[in-house]
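Each chain, written out:
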Amino acid sequence: MLPYTAPPTRQHGALIKRIYTWVRALRTQEVMEKERQFIMQTYARLPIVIIEGRGAVVRDAYGREYVDCVAGIAVNSVGHCHPKVVAAIKTQAERLIHTSNLFYTEPQVELAEKLCRLTNFEKVFFCNSGAESVEAALKLARKVTKKKGFIAAENSFHGRTFGALSVTHHVKRDIFEPLLSNVKFIRYGDADAIRKAIDEDTAAVILEPIQGEAGVIVPPPEYLREVKEVCEERDVLLILDEVQTGFGRTGRWFCKDHFKVQPDIMTVAKALGGGFPIGATLSNFSFERGEHASTFGGNPLACTAALATIQVIEEERLVERSERLGTYFMQRLSETIGGCDGVKDVRGKGLMLGVELRERCEGVVHAALKRGVLLNCTADRVIRLVPPLVVEKSHIDVVVEVLSEILGTTPQPPGI
Ligand SMILES: *Cc1c(COP(=O)(O)O)cnc(C)c1O
C-alpha cells in the first residue's frame, strides 16, 4: 500500500509537488477498488478522487481542476474551504469539540438566536442531517395536533430514515415497508388536491418549496400561499422542507421568502454548516423535556461552523449574489442551449437551476467531467446546477460553453 500523501505545503518546490501528485494519481485506482470492497454499494460515483477544493473549484488526484456545479449537493454554498469557516473550525476544535446536551455551550445558543432571527421562528431543535430535521418535524406535528396523518407531494424527497422515507415519494420504498401509515401523496403544484386529501386525521402537509431531487420543480407562484390558507382553514400544520433551498440557494435567505409564506415548521440542513454536518428544525411550537433528543445535535464544533458560514453569507452578500448570478446563468443557458433539440426546459430560481433533457443525462455528466465540469443528474433527465454561491461569472461561462459543446448546439440568438 502506498503511504498516505498529505497535500504539499507552500514551502514545497514544484518538483516535490509533482511527485506528490504522481503518487496520489497512482492511488486513485486503489481508492476505487477499496470502495468497492469495503463500502456498501449504495452510490453511483463519478470516477475521480477529489482531494482538495477552494471556492467553486475542486482538484482531483491527478491535479486536474473542475468547476463544481454540484457543491456537495447544494451544501458548499460559501465555497470549498472558505478561509473564515476553516479558521473558525480550527479554533473551536482546539478549544472544545463536543459536550452533549447535558451542559450549556456558547456556540449553540448563539446559533439558535441567529437562526430564529433569520427565519422568524421562536424556537429551534438541532440535529445532524436533513433526514433528522424532517423526523423532528413529523414528531412535532403529531405531538402538537394529536393527529397522525401526513400529506406529501408526488416525487417529493425528504430523506431516507423511516419517518422521512414515509413522506418521500421519489426513492425505493417498497422493500422497507411498512412505513408510517396514513400518508397521502398528491400532485405537486395543485392546492386543491391538498384540500381534497385532508381528512380528520391529517396532522400536517409537508412540501419542498422547490422540489430538488424531483428535478428542480418550481411550483406556480400562488401555490404555497394557497396551501397555507387551506392548512389554516382545516387546522392542519404546514411543514416546509428547506433542507436544499435554504441559506440563499434560491436568491432569498429561504425559499419561503419568495412566496411570502411562513410555515408552522421548517427544516434546514445541507448548506447550514458550510460542509460540516448539522441540521435544524424551527417552529413556534416546541418539544418538552424528554420528547426528543440528539447526542451530537448542536455540538459546539458544528454550531461554530454554521455561525461562520452564516457570517460569510452575510458579509459577502451571497444571497444577492445567488439571485444576480442565477439570473445570468439562466439567461446564458437559455441563449445557448434553451432552443436545442435535446433540451426540454431550463428552469429554477437563484443558483438552483435545472436543465431538463429529452433523454437520460448520465452521458452529459460524464462528458462534462472530461471537460472539467462537475454536474449532477437527478430524476434521470434533469441536470441540476447548484454551484457554490461564490461562483464567478467566468466559471459560469465555462459551464455554459461545455454544456453547449456537449449538447451540440448552434447558439441561438439572445432572448430565446
Ligand atoms: C437532501 C435533502 C434531505 C435529506 O438530507 P440528508 O442530510 O441527506 O438526510 C431532506 N430534504 C430535502 C429537501 C433534501 O434536499
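Residue positions are counted from 1 within each chain, in the order its sequence is given. A pLDDT threshold of at least 70 governs which residues receive local features in this predicted model, and a stricter bar of 80 or more applies before side-chain atom pairs are shown or counted, although totals over entire chains, interfaces and linings include all residues. Each side-chain value is worked out from all heavy atoms of the structure, with water and hydrogens disregarded.

Each helix and strand in the chain was counted, giving 13 helices and 15 strands. What you see for the chain is a C-alpha radius of gyration of 22 Å, in line with the 22 Å of a compact globule of 416 residues. In terms of overall dimensions, the chain has C-alpha extents of about 70 × 55 × 45 Å along its principal axes. Looking at the chain as a whole, 53% of its 416 residues are labelled buried. We call two residues in contact when some of their heavy atoms are within 4.5 Å. Relative to all contacts within the chain whose residues are 6 or more apart in sequence, the contacts with residues 24 or more apart total 71%. Residue burial considers only the protein chains on display, and all accessible areas are found by Shrake-Rupley using a 1.4 Å probe. Accessible area for the chain stands at about 20200 Å²; split by element, carbon and sulfur atoms hold 53% of it. Charge assignment in this entry is limited to Lys and Arg as positive and Asp and Glu as negative, and neither His nor the chain termini are counted. A charged residue contributes its charge at one atom only: NZ of Lys, CZ of Arg, CG of Asp or CD of Glu. For the chain, the distance from the average site of its 53 positive side-chain charges to the average site of its 52 negative ones is 3 Å. Only DSSP runs of H or I with at least four residues qualify as helices, and only runs of E with at least two residues qualify as strands; both kinds are numbered from the N terminus onward. The atom set for the radius of gyration is the C-alpha atoms, and the globule formula is 2.2 Å times the number of residues raised to the power 0.38. Accessibility here uses a 1.4 Å probe with only protein chains present; expressed as a share of the type maximum, an area under 20% marks a residue as buried, one over 50% as exposed, and anything in between as partly exposed.

Let us now look at unusual backbone geometry. A cis amide bond links E177 to the next residue, P178, at an omega of 10 degrees. For P178, the position within the fold is in the loop between α6 (162–166) and β6 (183–186). In this model, K146 sits at a positive phi of 55 degrees, which is unusual for a non-glycine residue. Topologically, K146 is positioned in the loop between α5 (130–145) and β5 (149–153). In this structure K146 comes out as exposed when scored by relative accessible area, which is 73%. The backbone of D380 shows a phi angle near 70 degrees, a positive value even though the residue is not glycine. Turning to its location among the elements, D380 is positioned in the loop between β14 (376–378) and β15 (382–385). The partly exposed category is assigned to D380, whose relative accessible area is 44%.

Moving on to the packing of helix α11 (residues 318–336) against helix α13 (residues 393–406). Axis geometry follows a simple rule: fit a line to the C-alpha atoms, using only the stretch in contact for helices, then measure angles between N-to-C directions, giving values from 0 to 180 degrees. One can describe the packing of α11 onto α13 by two numbers: an axis separation of 10 Å at closest approach and a directional angle of 25 degrees. When the axis of α11 is compared with that of α13, the two are roughly parallel. As for the relative orientation of α11 and α13, their crossing is right-handed in sense. Residue-level contacts link L325, Y328, F329, R332, L333 and T336 of α11 to K393, I396, D397, V399, V400, L403 and S404 of α13. Partitioning the contact of α11 with α13 into residue classes produces eight nonpolar, two polar and three charged. Roughly parallel covers angles under 35 degrees, roughly antiparallel covers those over 145, roughly perpendicular covers 65 to 115, and oblique covers all other angles. The handedness criterion is simple: a crossing whose near helix is rotated anticlockwise from the far helix by less than a right angle is left-handed, and one whose near helix is rotated clockwise is right-handed. Any residue outside Ala, Val, Leu, Ile, Met, Phe, Trp, Tyr, Cys, Pro, Asp, Glu, Lys and Arg is labelled polar, Gly included; the first ten of those are nonpolar and the last four are charged.

Below, the discussion takes up the nonpolar core. Nine residue types can take part in a nonpolar core, namely buried Ala, Val, Leu, Ile, Met, Phe, Trp, Tyr and Cys, and a core is a set of them joined through side-chain atoms within 4.5 Å. F247, F329, L333, L375 and L385 are the most contacted members of the largest nonpolar core, which has 62 residues in total. Sorting elements by how many residues they give to this core places helix α10 (residues 300–315) first, with eight residues. The split into domains, and so the bounds of each, comes from an automatic or database assignment of domains. If you count residues domain by domain, this core takes at least three from each of domain 1 (46–78 + 318–406) and domain 2 (83–315).

Here we take up a nonpolar patch on the surface. Taken together, the side chains of L15, I19, W22 and L26 present a nonpolar region at the surface, about 450 Å² in accessible area. Structurally, I19 is set in helix α1 (residues 14–38). Any residue with relative accessible area above 30% and no salt bridge may belong to a patch, with like charges joined within 9 Å and the nonpolar Val, Leu, Ile, Met, Phe, Trp and Tyr side chains within 5 Å. Salt bridges are counted wherever a side-chain nitrogen of Lys or Arg sits within 4 Å of a carboxyl oxygen of Asp or Glu.

Before going further, it helps to examine the sheet that holds strand β10 (residues 279–283). An order of β4-β10-β9-β8-β7-β5-β6 is seen for the seven strands of this open sheet, with the pairing classed as mixed. Only two strands of the sheet have a single neighbouring strand rather than two, namely β4 (123–127) and β6. Each neighbouring strand pair of the sheet contributes to a mean axis angle of 20 degrees, computed without reference to strand direction. Pairing between strands is defined by DSSP: at least two bridges between the two strands are required. Relative to β6, β5 runs parallel, the two being bridged by four bridges. Looking at β6, one finds that A153 is bridged to I186.

By disulfide we mean two sulfur atoms from cysteines, separated by a distance within 2.5 Å. This model, assessed by the stated rule, comprises one disulfide. Paired through a disulfide, C361 and C377 show a sulfur-sulfur distance of 2.2 Å. Taking the sign of the S-S torsion, about 85 degrees here, the bridge from C361 to C377 comes out right-handed. With C361 in the loop between β12 (352–357) and α12 (362–370) and C377 in strand β14, this residue pair connects regions lying 16 residues apart in the sequence. For C361, a relative accessible area of 0% puts it in the buried group. Note on C377: relative accessible area 24%, which makes it partly exposed. Not engaged in a disulfide, the cysteine C255 finds its nearest cysteine sulfur in C231; these two sulfurs lie 17 Å apart. Judged by its relative accessible area of 0%, C255 is buried.

Turning next to the site of the ligand. By nearness alone, every residue bordering the ligand is listed as S129, G130, A131, F157, H158, G159, E208, D241, V243, Q244 and K270. Within the side chain of Q244, one N or O atom sits 2.7 Å away from an oxygen atom of the ligand. Counted as a polar contact is a pair of N or O atoms within 3.5 Å, where, for protein atoms, one must be capable of donating a hydrogen and the other of accepting one, and residues adjacent in sequence contribute only when both atoms are in side chains. In this structure, K270 approaches the ligand through a side-chain N or O atom, which is 2.7 Å from an oxygen atom. Here the ligand has 380 Å² of accessible area as a free molecule, and 80% of this is covered by the chains. Any residue with a non-hydrogen atom lying within 4 Å of a molecule or strand is treated as near it.

This part takes up the domain arrangement of the chain. Structurally, the chain comprises domain 1 (46–78 + 318–406) and domain 2 (83–315). Taken together, the 28 residues of domain 1 in the interface contact 30 residues of domain 2. Of the roughly 2300 Å² buried at the junction of domain 1 and domain 2 (both faces included), carbon and sulfur atoms supply 63%. Broken down residue by residue, the surface that domain 1 buries against domain 2 is led by V319, K349 and M352, which jointly contribute 30%. The interface formed by domain 1 and domain 2 holds two salt bridges in total. We note a salt bridge from R252 to E323, for which the minimum N-O separation is 3.0 Å. Counting across the interface, domain 1 meets domain 2 through 14 residue pairs in polar contact (both at pLDDT 80 or more). Contributions of two or more residues to the side of domain 1 that touches domain 2 are made by α2 (71–74), α11, β11 (343–349), β12 and β15. Of the residues forming the side of domain 1 that touches domain 2, the biggest block, four residues, is contributed by α11. When two components associate, each loses some accessible surface as probed by a 1.4 Å sphere; the sum of these losses over both components is called the buried area.

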